Amino acid sequence: MSASGVTPRKLKKLEGSADAEEGRDYDAETQNALEEIDACQNEIDALNERASEEILKVEQKYNKLRKPFFEKRNDIIKRIPNFWVTTFVNHPQIMAILEEDEEDCLHFLCKLEVEEFDDIKSGYRINFHFEDNPYFENHVLTKEFHLGSTGNPASQSTPIRWKEGNDLTKKPKDRNSNKGRKRAVEQKTFFSWFTDHGDPSADDIAEVIKDDMWPNPLQYYLVPDIEVENGVQGGDVPEGGDDDDQSSEEEEADDSGAVGEDEVDEEEEVEGEDAEDEEVIGEEEDEEGEDGMEEGEGDDDAEEGEEGDAEGDGEVEADGEGEGEAEGEGDGEGDGDEEGGDE
């Protein structure tokens, strides 16, 4: 917000200038209300200015507190091979301008630093530290952003002392043979960005490094692992808005498909378990049926045995009765003969 609070045109209206007379007329009550709003807005603007000054002091304080931790982090990063080149390649906006030769060169990048000026507002610098490499003699390349003499943003960078035949800014670029990578429409590469000072106020690459990569480079170093954990396969990152939307829709479709497959698998597992349970129950029923049949056969054998015993008993009784009758008749006839002889 500006210190004056309202635009000059509105102030003219409030002051009752000729332009205001030609424009909209306000009654006395509305005019007084507008003047009070203008005074109130000026007070708000003054508070915003004070807040900005205090926020700046807080930022300066915490920049100093963060500095030793950034240095400690850089010391730890040195223990991880190819940390920074991996981080650069995994960042979609940086990857979009990286040529193959430049990526090879960044394998020698051993340290990255972002230094903000003490007053913060006046600018910052990005330092790239390199090991001995076949591309250039420099061990530190710095790109700095600051306010120029006119008060507008300006930038400058370390002149690169290229080794013979290895100037990456002059090598012909064959983007069609670059592993199928997608590139921005403009012909920008990493080192052409480093040496370009045409429009520092619109340097999006520098802003990405300062505000996104430098505060937490680990998130980009671990991008492939994070994508695998989230069920997303690694690949080229689209650069256009429409491509991003399409990629998001495809990822959502893949996720929904994966969920559907999981549900189908779970249903099939449940059905398989139910079928196994039914088979077990069927086997148990078959076993029970066989046991019942065996018991039934045993009962039939027992009944047949009892019937056979009964028949045997009946035959014995019948034989006994027949023998008794025969003996009785024989005895009776013998006694009759004896009695007749006596007479």
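Below is a short write-up of the structure.

About the criteria used
Residues numbered from 1 in each chain as written. Predicted model: local features only at pLDDT ≥ 70, side-chain atom pairs only at ≥ 80, totals over all residues. Heavy atoms only, no water. Helix = DSSP H or I, 4+ residues; strand = E, 2+ residues; numbered from the N terminus. Buried < 20%, exposed > 50% of the residue type's maximum accessible area, 1.4 Å probe, protein only. Pairing = 2+ DSSP bridges. Axes fitted to C-alpha atoms, helices over the stretch in contact; angles between N-to-C directions. Contact = heavy atoms within 4.5 Å. Salt bridge = Lys/Arg side-chain N within 4 Å of Asp/Glu carboxyl O. Polar contact = N/O pair within 3.5 Å; in protein donor to acceptor, adjacent residues only side chain to side chain. Core = buried A, V, L, I, M, F, W, Y, C linked by side-chain atoms within 4.5 Å.

**Quick notes on the overall build of the protein chain**
Phase 1 of the analysis: Helix and strand content of the protein chain: 11 helices and 4 strands.
Phase 2 of the analysis: The buried share of the protein chain, taken over its 343 residues, is 24%.

**A word on the sheet that holds strand β1 (residues 109-116)**
Phase 1 of the analysis: Across the sheet, which stays open at both edges, the 4 strands sit in the order β1-β2-β3-β4 with antiparallel pairing between neighbours. Of all the strands in the sheet, just β1 and β4 (153-157) have a single pairing partner and so form its edges. Pairs of neighbouring strands in the sheet enclose a mean axial angle of 10°, with direction left out of account.
Phase 2 of the analysis: Here strand β3 (residues 140-147) pairs with β4 via 5 bridges, running antiparallel. In the sheet register, Leu147 faces β4, and the bridge partner there is Pro153.
Phase 3 of the analysis: Each of β1 and β2 (123-130) is contacted by helix α4 (residues 83-90), which is oriented at about 70° to β1, the strand it contacts most.

**Let's talk about the pattern of salt bridges**
Phase 1 of the analysis: According to the stated counting rule, one finds 7 salt bridges in the structure shown.
Phase 2 of the analysis: Glu144 is the salt-bridge partner of Arg125, the closest N and O atoms lying 3.3 Å from each other. Separated by 19 residues along the polypeptide, Arg125 in strand β2 and Glu144 in strand β3 bring together distant segments of the chain.
Phase 3 of the analysis: Look at Arg125 and you get partly exposed, because its relative accessible area is 24%.
Phase 4 of the analysis: Using a relative accessible area of 16% as the deciding quantity, one classes Glu144 as buried.
Phase 5 of the analysis: Across the salt bridge formed by Lys188 and Asp204, the nearest N and O atoms sit 3.9 Å from each other. Within this pair, whereas Lys188 is found in the loop between β4 and α7 (190-195), its partner Asp204 is found in helix α8 (residues 204-213), the two being separated by 16 residues in sequence.

**Quick look at α8**
Phase 1 of the analysis: Among all positions of α8, only Ile205, Ala206, Val208, Ile209, Lys210 and Met213 are buried.
Phase 2 of the analysis: Those residues of α8 that are buried are in contact with α4, α5 (92-95), β1, β2, β3 and α7.
Phase 3 of the analysis: With a side-chain oxygen positioned 3.4 Å from the backbone nitrogen of Ile205, the residue opening α8 is Asp203.

**Concerning the nonpolar core**
Phase 1 of the analysis: Among the nonpolar cores identified, the biggest contains 35 residues, and Phe88, Leu112, Phe128, Phe136, Phe190, Phe191 and Ile209 are the most heavily contacted of them.
Phase 2 of the analysis: For this core, the secondary structure elements donating two or more residues are α4, α6 (100-106), β1, β2, β3, α7 and α8.
Phase 3 of the analysis: Not counting chain neighbours up to four residues away, the residues in contact with Phe136 comprise Cys105, Phe130, Leu141, Ile160, Arg161, Trp162, Lys163 and Phe191.

**Digging into unusual backbone geometry**
Phase 1 of the analysis: A positive phi angle, near 60°, is found at Asn82, a position not held by glycine.
Phase 2 of the analysis: When you line up the elements, Asn82 lands in the loop between α3 (28-77) and α4.
Phase 3 of the analysis: We classify Asn82 as partly exposed; its relative accessible area is 38%.

Interpretation note: all reported values are geometric properties and have no functional meaning in isolation.
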